[in-house]
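Okay, here's what each chain looks like letter by letter:
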Amino acid sequence: MAMLIYIASAFAVIIMKAWQVKEQFKSSTFSWKYCGIIVIAWCSMTVPSMLAACSKHGCQLSLNFSWLSDLIQAASYLDNSRVVIFGMVVYAVLTVYSLGYFLGLTMHSAGKLTRALN
């Protein structure tokens, strides 16, 4: 039940962020810099986390965040499981914001296209 609440709240945050992006475009206060930072941060966490397990029947892609604990071995006061959980939480937040930006840009573009066609 708690997972369902988390997923519903993530969808709510995505829709709120998309609406905010659409309104920022409308008022000409949208910053491509912040959008780029979020998307680059999301991509920089996604690419190293992609893990392909292939067999003779096909390949299956999944995300593996153990590279983050290997990268932060110098922080000895944190155990590996906490680092991986922190990485997964940061990845979830970046995913929500990236999807919000994408949906907002899509809503803005669809609105402009609709006005242009009418």
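**Student:** Help me understand the overall build of the protein chain, please; the structure alone is not making it clear to me.
**Tutor:** For the protein chain, the helix and strand inventory stands at four helices and two strands. When the helices and strands of the protein chain are listed from N to C terminus, the series reads α-α-β-β-α-α. Taken over the C-alpha trace, the protein chain has a radius of gyration of 18 Å; the compact-globule value for 118 residues is 13 Å, which it surpasses by more than 25%. A principal-axis box enclosing the C-alpha atoms of the protein chain has dimensions of 55 × 40 × 35 Å. Sorting the 118 residues of the protein chain into buried and exposed places 21% on the buried side. Looking at the protein chain alone, contacts between residues at least 24 apart form 56% of all its contacts between residues at least 6 apart. Summed over all atoms, the accessible surface of the protein chain reaches about 8,700 Å², with 71% contributed by carbon and sulfur.

**Student:** Help me out: how do you make sense of the side chain of lysine 17 in this one?
**Tutor:** Considering the arrangement of structural elements, one finds lysine 17 in helix H1 (residues 2–26). Among buried charged residues, lysine 17 stands out as having no salt bridge; its nearest opposite-charge side chain is glutamate 23, 13 Å away. The contacts of lysine 17, once residues within four sequence positions are left out, are Tyr97, Gly100 and Tyr101.

**Student:** Explanation requested: helix H2 (residues 32–49) in the structure shown.
**Tutor:** Taking 1.5 Å as the rise per residue, H2 with 18 residues should run 26 Å; its terminal C-alpha atoms sit 26 Å apart, in good agreement. Within H2, the full set of buried residues consists of Cys35, Ile38, Met45, Thr46 and Ser49. With its buried residues spanning 110° around the axis, H2 presents them on a single face. In H2, the exposed positions that point more than 90 degrees away from the buried face belong to Trp32, Lys33, Ile40 and Val47.

**Student:** I'm lost on the packing of aromatic side chains in this one. Help?
**Tutor:** Any aromatic ring pair is given by two values, namely how distant the centres are and how the planes are angled relative to each other. Applying the stated criterion across every chain, the model contains five aromatic pairs. Centroid distance phenylalanine 25 to phenylalanine 30: 4.4 Å. Interplanar angle 15°. Geometry classified as stacked. We classify phenylalanine 25 as buried; its relative accessible area is 18%. When the ring of phenylalanine 30 is compared with that of tyrosine 101, the centres are 6.0 Å apart and the planes differ by 70°; the resulting orientation is edge-to-face. Of this pair, phenylalanine 30 sits in the loop between H1 and H2 while tyrosine 101 sits in helix H4 (residues 80–117), and the two are 71 residues apart along the sequence.

**Student:** Explanation requested: the environment of cysteine 43 in the structure shown.
**Tutor:** Among the secondary structure elements, cysteine 43 is positioned in helix H2. Cysteine 43 sits in the partly exposed class, given a relative accessible area of 34%. When the C-alpha positions of cysteine 43 and tyrosine 91 are compared, they lie 9.8 Å apart, and in sequence the two are 48 residues distant.

About the cut-offs
Residues numbered from 1 in each chain as written. Predicted model: local features only at pLDDT ≥ 70, side-chain atom pairs only at ≥ 80, totals over all residues. Heavy atoms only, no water. Helix = DSSP H or I, 4+ residues; strand = E, 2+ residues; numbered from the N terminus. Rg over C-alpha atoms; globule rule 2.2 N^0.38 Å. Buried < 20%, exposed > 50% of the residue type's maximum accessible area, 1.4 Å probe, protein only. Contact = heavy atoms within 4.5 Å. Areas by Shrake-Rupley, 256 points an atom, 1.4 Å probe, with all protein chains shown as cover. Lys, Arg positive; Asp, Glu negative; His and termini not counted. Salt bridge = Lys/Arg side-chain N within 4 Å of Asp/Glu carboxyl O. Expected span 1.5 Å × (residues − 1). Arc of directions from axis to C-beta. Phe/Tyr/Trp six-rings, centres within 6.5 Å; stacked < 30°, edge-to-face > 60°.

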